[in-house]
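Structural features, examined
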Amino acid sequence: MPQPMMNSSGTSVPTVNLSTPIPVTTSIPGNRSSMTTLLPALENVTGNASYIQPLIFLQTRAAQGIGGVCAFLALLITVHQIYLHLRYYTCPNEQRWIVRILFIVPIYSFDSFLSLMFFNNDNYYVYFDSIRDCYEAFVIYSFLSLCYEYLGGESSIMSEIRGKPIKSSWIWCTCCLSGRQYTIGFLRFCKQATLQFCIVKPVMAVITLVLQAFSLYKDGNFS
């Protein structure tokens, strides 16, 4: 027979040791009828009530299995693509940037799979995402360099568009540039505006890790 528990005031607190399901009667508002259900047996339940939250789909083995298969397929396809680029390395000035960009696929998929496996641990995903964010910044730089390589370099681009007016368009978000022309200053401004992401993203990742180390980081909380 279970021994009674004592609280801080010295009085005994009843302890319930249940070996059979608990009948629970639930009244439905607006309806005079009631519904009786059976809860599974609980060992040593103290207090007024106990509630077990059901698992969501992302916490199930099925979700982890699907995520693992998708991550493996993404890794397999990307490795094959990288292998083909390295085997037929006929245009190194462009292919080196393409290979660097392709590495983001296994990094993203593996990060997502690890975050899914450690879904119930709130702290682990911060470290996975920080590594991903740093490489994402490098991919933005690689993509910009690839675009410049496709167009023949900065000098070739300027010789093609220098002095031409910028067409105002709501579709291409150039409505505020009406009356301006393409210049070397405008091209470098666009380049600097893109590359600032490559600096801010890793810096924010490092700040996140520092705050996490001092238990001051909470995703979505800016207070």
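Residues numbered from 1 in each chain as written. Predicted model: local features only at pLDDT ≥ 70, side-chain atom pairs only at ≥ 80, totals over all residues. Heavy atoms only, no water.

1. A short note on unusual backbone geometry
For clarity, the threshold we go by: Helix and strand definitions here come from DSSP, where helices need a minimum of 4 consecutive H or I residues and strands a minimum of 2 consecutive E residues; each element is numbered from the N-terminal end. With a 1.4 Å probe rolled over the protein chains alone, any residue whose accessible area is under 20% of its type maximum counts as buried; one over 50% counts as exposed, and the rest are partly exposed.
One non-glycine residue, Cys173, lies in positive phi territory at about 60 degrees. Take Cys173: it is sitting in the loop between helix H5 (154-161) and helix H6 (184-213). Phi is positive for Ser215, close to 60 degrees, though the residue is something other than glycine. Relative to the helices and strands, Ser215 is located in the segment after H6. Its relative accessible area of 66% is what places Ser215 among the exposed residues.

2. Focus: the UniProt feature "transmembrane region" (unreviewed entry) in the chain
Formally: UniProt positions are given in the numbering used here, feature names are shortened, and annotations may be inferred rather than shown by experiment.
UniProt's feature table lists "transmembrane region" (unreviewed entry) at residues 65-86, 98-118, 138-157 and 198-217, given in the numbering used throughout. Segment residues 198-217 splits into 80% helix and 0% strand. End C-alpha atoms: 22 Å apart.

3. What about the packing of helix H3 (residues 104-117) against helix H4 (residues 124-150)?
When two helices pack together, their arrangement is given by the angle between the helix axes and by the axis-to-axis distance. How we decide: Note on method: axes are straight lines fitted to C-alpha atoms, helices fitted across the in-contact stretch only, with angles between N-to-C directions ranging 0 to 180 degrees. Here roughly perpendicular refers to angles of 65 to 115 degrees, roughly parallel to angles under 35, roughly antiparallel to angles over 145, and oblique to all remaining angles. Left-handed is the label given to a crossing in which the near helix is rotated counterclockwise from the far helix by less than a right angle, and right-handed is the label when the rotation is clockwise. Any two residues having at least one pair of non-hydrogen atoms within 4.5 Å are treated as being in contact. Residues are grouped as follows: nonpolar covers Ala, Val, Leu, Ile, Met, Phe, Trp, Tyr, Cys and Pro; charged covers Asp, Glu, Lys and Arg; every other residue, Gly included, is treated as polar.
Viewed as axis vectors pointing N to C, H3 and H4 meet at an angle of 165 degrees, and their least axial separation amounts to 10 Å. As judged from the angle between their axes, H3 and H4 are roughly antiparallel. In the packing of H3 onto H4, the handedness of the crossing is left-handed. Contact residues: H3 offers Ile104, Ile107, Tyr108, Asp111, Leu114 and Ser115, while H4 offers Tyr125, Phe128, Asp129, Arg132, Tyr135, Glu136 and Val139. The residue inventory of the contact of H3 with H4, partitioned by class, reads eight nonpolar, one polar and four charged.

4. Re the nonpolar core
Rules: Take the buried residues of types Ala, Val, Leu, Ile, Met, Phe, Trp, Tyr and Cys, join any two whose side-chain atoms come within 4.5 Å, and each joined set is a nonpolar core.
Of all hydrophobic cores here, the largest spans 10 residues; its members are Ile82, Trp97, Ile98, Val99, Ile101, Leu102, Ile104, Tyr135, Val139 and Leu146. Listing elements by their share of this core, those giving two or more residues are helix H2 (92-102) and H4. The dominant element in this core, judged by the number of residues it contributes, is H2, at five residues. Residues contacting Val139, with those up to four places away along its chain left out, are Arg100, Ile101 and Ile104. In this structure, Leu144, Tyr148, Ile157 and Met158 belong to the second largest nonpolar core, which totals five residues.

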